[in-house]
Structure formats: structure tokens, C-alpha cells
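Survey of secondary and tertiary structure
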Amino acid sequence: MVTHDEVRRIAALAKLYVSEEQLEEITGDLNGIIAFADAVASVDASGYDVEAEDGPAIRLRPDVTAASYEPELILKNAMESGDGFFVVRGRG
Amino acid sequence: MKWETVIGLETHVELSTKSKIFCGCTTAFGGEPNTHCCPVCTGQPGSLPVLNRQAVEYAVKAGLVLNCRINKYSRMDRKHYVYPDLPKAYQISQYDRPLCTGGYVELKNGRRINITRIHIEEDAGKLIHAGGKVLVDYNRGGVPLIEIVSEPDIRSAEEAVEYLEKLQLTLRAAGVSDCRMQEGSLRCDVNISLRAPGASSYGTRCEIKNLNSFVSVASAIEHEYERQRDILESGGVVEQETRRYDAYSGETSAMRGKENADDYRYFREPDIISIVLTDEEIEALRASLPELPDARKRRYVDVLGIPEADAAMIAKYRRVSDYFEAASYQTASPRIAATFIVTSMFSFISTEAAREEWLPPVSAEQLRELILLMEAGKINRNVAKQTLSRMLETGKSAAELLSPEELEPAGVDVDALCRKAIAENAAAASDYRGGKEKALKALIGAVMKESRGRAPAAEVEASLKELLSKT
């Protein structure tokens, strides 16, 4: 179970503002997610060797360069930009 | 009281891939801001990372040359922190299953600095702080890095610098990184604490972030030693904190304390499945490794008879040692090529960076030709040395620079030249006979001058002594 304080701390780490009204709802949601993860974790996986994963092998990319995007496109969704840079607020 | 310094280093090394770790953007240094970028390396929603094979292979090679165990199974994780240099607000790194574990670097004094782990991750963007605003350039974001974490085995600033130099040398030789500190392709964080000599537990440590030159590593350690010593000796307690180093003042200052300690909320990167390497792949990478500087140096000393100091200077630079091997190929004495390189050529090519690049105006084949002329007795050592200087200045070959008479040893009649020198320098001759051994130098000089440096010095000396003893 996560507490309101833990949710506040996680929100602070993620630089998110959570109002008191939202706190209750988010705490509930997070506990739901954790309960789901606990349910998954409760499955008996003994005898299953994670290192011998029988799934698909990783597909690695050859070291070949491709054209980058025009900086105008890269900066298109920036809140603020200038001289080709993203511009963000400095720390107060 | 003299406190014992306990140091561990976290070293970040940019890998020499052409493209970034998860996308095809170039890793070239510099460039106009945000021109080496795409949706993947700027963290645009919906973009997916695809791991670069070369980055994995370079990291494995780094692990092999640093004596690590290569983990056949490893995986990527997300390390979360919110800062403008990370567009996704997390860095794709490795947490509990790194690519390499164990390993060590051996120092000159025989001490081993153990390596805990090496993992791969993506570099962050570059921030420029300007007038209350922060300008962000993501060209460097997504460049592949390895982080090499050492055990707290280092005991002094000197050892820290030697460890870093050894890392730099070894990784360059392995061809996995250019390790240029001035371009930030090698930088490190220093963890440092003090303890009373003989104590078995560690003191409280501070971490000094982002040091990007050997000088600043040494100076930050020295400053931090003094700061912590002063605290401990005045009965205080060192706070666990992260500090920054100011290259101008040479001092460190607090960035954040323990209460704000890193909380990265690692979890597995769901967009990249586990990295599974086979024994065959690891062995193929091991087989592809070049001979390392230590091994080269040893071979130069033991097999080729090169003096230790010269061997170390040559083996230090991969290109210089390749050049040396080509220039000394099938020559009677590889020592000659070694001496010419570390004397004449190193004084002509004098900076570290230029030696690293090693683009001398004299090709290895040209140097070899010169040495073969000397070994065939066509020119003596002095002429060879002077010719090499002219070759370095003009870029011409020995054959182009040497006149036919210079190439004709028969033209030098040592006996006649010595008789002439004695006749013309009667005072020096009589001084020598009177017991002044040094006077012989003047006579040898006269012969060399007359022969324009072509007379073999040892033969001249013997001949003069013989003539002077007779009369």
C-alpha cells in the first residue's frame, strides 16, 4: 500500500503538482496498479530461468548513420526555442 | 595525523560508434545545435529505441581489455530524473544486470584497482546557462557511453590519475573510444572519504561530479582531502553529499545533501528486450582485440631489446607503435628506429594530441629506408640523424636529400683525416699526449668537420688514439 506521503514524494521527484483532491484518487490508482503487480508476482515462476528466456532474440541495429531531422522540425513542439536551442527556465 | 584517503571513480566513456546508441543520428562532436537529432534521441512520444550492435560490441571489448567477466545475459533499465538534459525524463541505462562485472586495472606499483562493473547507457544533452534561461542542445543526447565503476581501492590523487591514464590508454588501444577529455568523451565522478590509518570501515563519502581533466581530478581530490581532514580534526562530522568542483578556484562546493540523495526509480526498459550474448560472439570479440600497450611494451623490451623508457613512450600511442613496427621491419636493430622516433620525431611532434594523431611528414617506409642506409654502412649515425631532421622539415625522402658523395662511404679515408687533424691541431695533440684525455674530443671534432659528419666516430676515435700513441 502506498501512502499519501509516498505519492507526494513520487510526484515531487517527477516534478508534478498534485492537489489534495487529486491525491486521494492517484493514491487509489497507484494501489490498484501495485495490487496488479503483486498478483503477477504471485504466480509461481520457480523453475523458470529468466536468463534462458526462450523469447525472440534481440534485434540489434547495424552502426549506420541516417539523416537527422531538420532542427525546425525537432524544435516544432518546444514551448520556447531560440538560435536552434530548446529554451527552458533556469532554476529560480 | 595523516588520514588515509579512500577513492572510488565512476568514469564515463563515449564509445566511438558512428551513430547513436538507439537511433541513426551521427555521434560527431559539435555541429549546430539540435542538428544531430531525431524523434528517438529527443524523446518524442511514440518513438522507439533500437540498440546499436556496435555499442554492445565496444562495451564488451572494453570489458575484456579491463579483465571483466562478460555477462551473457544483461538488460536495459530506465533511470529517472527530471532535468532538461534528458528529454524523456529518464535515461536508458543498466541497473542490476550490467553487461560486464568484475575486472581490474593494474598500477605501476603493482596494486590492482578493482572494477565493480561496466554498463552501457545513453549520454545526456548539453545545457548552456544564459541569463536565467537554459539553452538545450540534444546533439550529444543518445551518444553511447559506458560507465566504469571502480571499487574504493584508490588511495591518492596520483593513483586516481594513473588509473584514468591507464583506462584511457587501454580503451584507445582497444579502439572503443578516443577518450578525449577536452571533448568530454572521458569524464568522471570521484567518491572520496577519509579514515584513520589502519581502520577497517570507511568514513562518510562525498561525491564530486563531472571532472573532465586529469588536473581537475587531482586538484579536486587534494582539495577534498584537506576539507574533510579539517572537519574531522576539529571534531566535526563529514556530511554525505554531492559536490561540484570549480576549476577556477580549485575548490569543491556542496550541490545537494543526503536528504536529496538520488532516487532514480529504476525499472526495466520495456521497449528493449534482454541482451543475450553467446560464447561464440564473446570469443570472436576477444579474438578481434589488438595487442594492448602493456603487452606491446613488454615485447619491445624483451624481444626487440628496446630500452624500457623508449618502449613505454612508443607503446603509449597506438599509431606511433604501428609506425615503429613498420619502420623497424627487417632492420638489424629495432633500437635505431625507436631512438629516432622518441628523440628527433618526438621533438618535432611534441604535443600529446599530435602524437595521438601521428601524421608525421616522414612515412614509416621512408624512415626504414634511412635506417637501412645506415645499417648498410652508407651513412653514419650522425648523417642519418641530420638527414632525418631535414626529412621532417621537407617531407622528402633520404634518397632525395642525400648527395652522391654523402652516400659514398669510400670517400672517407679515416686514417688520412686523422693524420691531417693531428697535424693541424698540434696543441690539442700535445695536450692529449700530456695526459689531457679531453683534448681528444677536439681532434675527433676536427675529423668530423672535415668529413662533414660522414666519418664513423668510433673508428675515428680508435684511429686517433693509435696515431697519438705512436708518436
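Thresholds applied
Residues numbered from 1 in each chain as written. Chains lettered and ligands numbered in written order. Predicted model: local features only at pLDDT ≥ 70, side-chain atom pairs only at ≥ 80, totals over all residues. Heavy atoms only, no water. Helix = DSSP H or I, 4+ residues; strand = E, 2+ residues; numbered from the N terminus. Buried < 20%, exposed > 50% of the residue type's maximum accessible area, 1.4 Å probe, protein only. Contact = heavy atoms within 4.5 Å. Areas by Shrake-Rupley, 256 points an atom, 1.4 Å probe, with all protein chains shown as cover. Domains from an automatic or database assignment. Salt bridge = Lys/Arg side-chain N within 4 Å of Asp/Glu carboxyl O. Polar contact = N/O pair within 3.5 Å; in protein donor to acceptor, adjacent residues only side chain to side chain. Pairing = 2+ DSSP bridges. Core = buried A, V, L, I, M, F, W, Y, C linked by side-chain atoms within 4.5 Å. Phe/Tyr/Trp six-rings, centres within 6.5 Å; stacked < 30°, edge-to-face > 60°. Lys NZ or Arg CZ within 6 Å of the ring centre and 35° of its normal. Axes fitted to C-alpha atoms, helices over the stretch in contact; angles between N-to-C directions. Left-handed = near helix turned anticlockwise from the far one by under 90°. Nonpolar A, V, L, I, M, F, W, Y, C, P; charged D, E, K, R; others polar. Parallel < 35°, antiparallel > 145°, perpendicular 65-115°, else oblique. Lys, Arg positive; Asp, Glu negative; His and termini not counted. Arc of directions from axis to C-beta.

1. Here's the deal with the overall build of chain B
Along its length, chain B carries 16 helices and 17 strands. Along the first, second and third principal axes, the C-alpha set of chain B runs to 95 × 55 × 50 Å. Looking at the 471 residues of chain B, the share that counts as buried comes to 50%. For chain B, contacts bridging at least 24 residues in sequence account for 68% of all contacts bridging at least 6. Counting every atom, chain B has about 21,600 Å² of accessible surface; 51% of that belongs to carbon and sulfur.

2. A look at the domain arrangement of chain B
With domains assigned, chain B is organised as domain 1 (4-285), domain 2 (291-409) and domain 3 (412-470). Between the C-alpha centres of domain 1 of chain B and domain 3 of chain B the distance comes to 64 Å.

3. Details of the interface of chain A and chain B
If you look at the interface, chain A gives 35 residues, while chain B gives 47 residues. Seen at the junction of chain A and chain B, the total is two salt bridges. With its nearest N and O atoms 2.9 Å apart, the salt bridge here joins Asp-263 of chain B to Arg-9 of chain A. Viewed at the interface, chain B and chain A are joined by 17 residue pairs in polar contact (both at pLDDT 80 or more). Relative to strand 10 (residues 133-137) of chain B, strand 2 (residues 85-89) of chain A is paired through four bridges, and the arrangement is antiparallel. Residue Arg-89 of chain A lies in a different strand from strand 10 of chain B, and its bridge partner there is Lys-133 of chain B.

4. Some remarks on the nonpolar core
All names here are of chain B. One finds Leu-66, Ile-148 and Tyr-163 to be the most contacted residues of the largest nonpolar core, which totals 77 residues. For this core, the leading source of residues is helix 1 (residues 53-65), giving eight residues. Once residues lying within four places of it in the same chain are set aside, the contact partners of Tyr-163 are Leu-9, Thr-11, Val-105, Leu-107, Ile-113, Ile-115, Ile-148, Ser-150 and Ile-154. Within the second largest apolar cluster, 36 residues are counted, among which are Ile-336, Ala-337, Phe-340 and Trp-358.

5. Quick notes on the sheet that holds strand 4 (residues 77-80) of chain B
Residue and element names in this part refer to chain B. If you walk across this open sheet you meet the three strands as 5-4-16, and the pairing is antiparallel. Each edge of the open sheet is held by one strand with a lone partner, namely strand 5 (90-93) and strand 16 (267-268). Where strand 4 meets strand 16, two bridges bridge the pair, whose relative direction is antiparallel. From the neighbouring strand, Arg-78 faces strand 16, where its bridge partner is Phe-267.

6. Quick look at the environment of Glu-72 of chain A
All names here are of chain A. Along the chain, Glu-72 falls in helix 3 (residues 71-75). Judged by its relative accessible area of 56%, Glu-72 falls in the exposed class. Between the C-alpha atoms of Glu-72 and Thr-27, which are 45 residues apart in sequence, the distance is 40 Å.

7. Thoughts on the sheet that holds strand 2 of chain A
Sheet strands line up and pair through hydrogen bonds in the backbone, either parallel or antiparallel. Spatial ordering of the open sheet is given by 1(A)-2(A)-10(B)-9(B), a layout of four strands whose pairing is antiparallel. This sheet does not close on itself; its edge strands, each paired only once, are strand 1 (81-82) of chain A together with strand 9 (126-130) of chain B. Inspection of the sheet shows strand 1 of chain A paired to strand 2 of chain A by two bridges, in the antiparallel sense. Within strand 2 of chain A, the residue paired with Ser-81 of chain A across the bridge is Phe-86 of chain A.

8. Structural notes on the packing of aromatic side chains
A full pass over the atoms with the stated rule returns eight aromatic pairs over all chains. Relative to Tyr-138 of chain B, the ring of Phe-86 of chain A has its centre 5.2 Å away and its plane inclined at 65°; by these criteria the two rings are edge-to-face. Of the two residues, Phe-86 of chain A sits in strand 2 while Tyr-138 of chain B sits in the loop between strand 10 and strand 11 (144-150), which places them in two different chains. On the basis of relative accessible area, Phe-86 of chain A is assigned to the buried category, the value being 14%. Ring centres of Tyr-300 of chain B and Phe-324 of chain B lie 4.9 Å apart, and the angle between their planes is 70°; on these two criteria the pair is classed as edge-to-face. Taken together, the residues span a long stretch of sequence, with Tyr-300 of chain B in helix 5 (residues 293-302) and Phe-324 of chain B in helix 7 (residues 318-327) at a distance of 24 residues. By the burial criterion, Tyr-300 of chain B is buried, and Phe-324 of chain B matches it. Linked through ring pairs, Tyr-81, Tyr-95, Tyr-264 and Tyr-266 of chain B together constitute an aromatic cluster. In this arrangement the basic side chain of Lys-79 of chain B is found over the ring face of Tyr-264 of chain B, its NZ or CZ atom lying 4.3 Å from the centre.

9. A closer look at the packing of helix 14 (residues 426-433) of chain B against helix 15 (residues 439-450) of chain B
All names here are of chain B. Between helix 14 and helix 15, the shortest axis-to-axis distance is 8 Å and the interhelical angle comes to 140°. For the pair helix 14 and helix 15, the crossing hand works out as left-handed. Contact residues: Ala-428, Ala-429, Asp-431 and Tyr-432 in helix 14; Ala-439, Leu-440, Ala-442 and Leu-443 in helix 15. Classifying every residue of the contact of helix 14 with helix 15 by side-chain character gives seven nonpolar, no polar and one charged.

10. What about the packing of helix 6 (residues 308-316) of chain B against helix 8 (residues 334-348) of chain B?
Residue and element names in this part refer to chain B. Where helix 6 contacts helix 8, the axes come no closer than 9 Å and their chain directions differ by 70°. For the element pair helix 6 / helix 8, the angle class is roughly perpendicular. Relative to helix 8, the crossing made by helix 6 is left-handed. Counting all contacts with helix 6, which are made through Asp-310, Met-313 and Ile-314, the residues of helix 8 involved are Ala-338, Thr-339, Ile-341, Val-342 and Phe-346.

11. Structural notes on the pairing of strand 11 of chain B
All names here are of chain B. When you tally the buried positions in strand 11, you get seven out of seven residues, the bulk of the element. Alternating positions in strand 11 separate into two faces, Pro-144, Ile-146, Ile-148 and Ser-150 on one and Leu-145, Glu-147 and Val-149 on the other, with burial throughout. The pairing of strand 1 (residues 4-14) with strand 11 spans five bridges and is classified as antiparallel. Bridge assignment links Glu-10 to a residue of strand 11, and that residue is Val-149.

12. Details of the pattern of salt bridges
All names here are of chain B. One pass over the full model with this rule turns up 42 salt bridges over all chains. Across the pair Glu-291 and Arg-296 runs a salt bridge whose closest N-O atoms are separated by 3.4 Å. Since its relative accessible area comes to 31%, Glu-291 is described here as partly exposed. Each of Glu-291, Arg-296, Arg-299, Asp-322 and Glu-325 takes part in a single network of salt bridges with overlapping partners.

13. Let's talk about the side chain of Glu-14 of chain B
Residues and elements named next belong to chain B. Turning to its location among the elements, Glu-14 is positioned in strand 1. Despite its burial, Glu-14 pairs with no opposite charge, the nearest such side chain being Arg-187 at 4.1 Å. Excluding residues within four positions of it along the chain, Glu-14 makes contact with Asp-123, Arg-140, Val-143, Pro-144, Leu-145, Val-176, Ser-177, Gly-184, Ser-185 and Arg-187.

14. Notes on helix 14 of chain B
All names here are of chain B. Among all positions of helix 14, only Ala-428, Ala-429 and Tyr-432 are buried. Along helix 14, the residues classed as buried sweep out an arc of 100° about the axis, all on the same side. Among the exposed residues of helix 14, those oriented more than 90 degrees off its buried face are Ala-426 and Ala-427. Buried residues belonging to helix 14 abut helix 13 (414-424), helix 15 and helix 16 (457-470). Within two residues after helix 14, Gly-435 carries a phi angle of roughly 110°, on the positive side.

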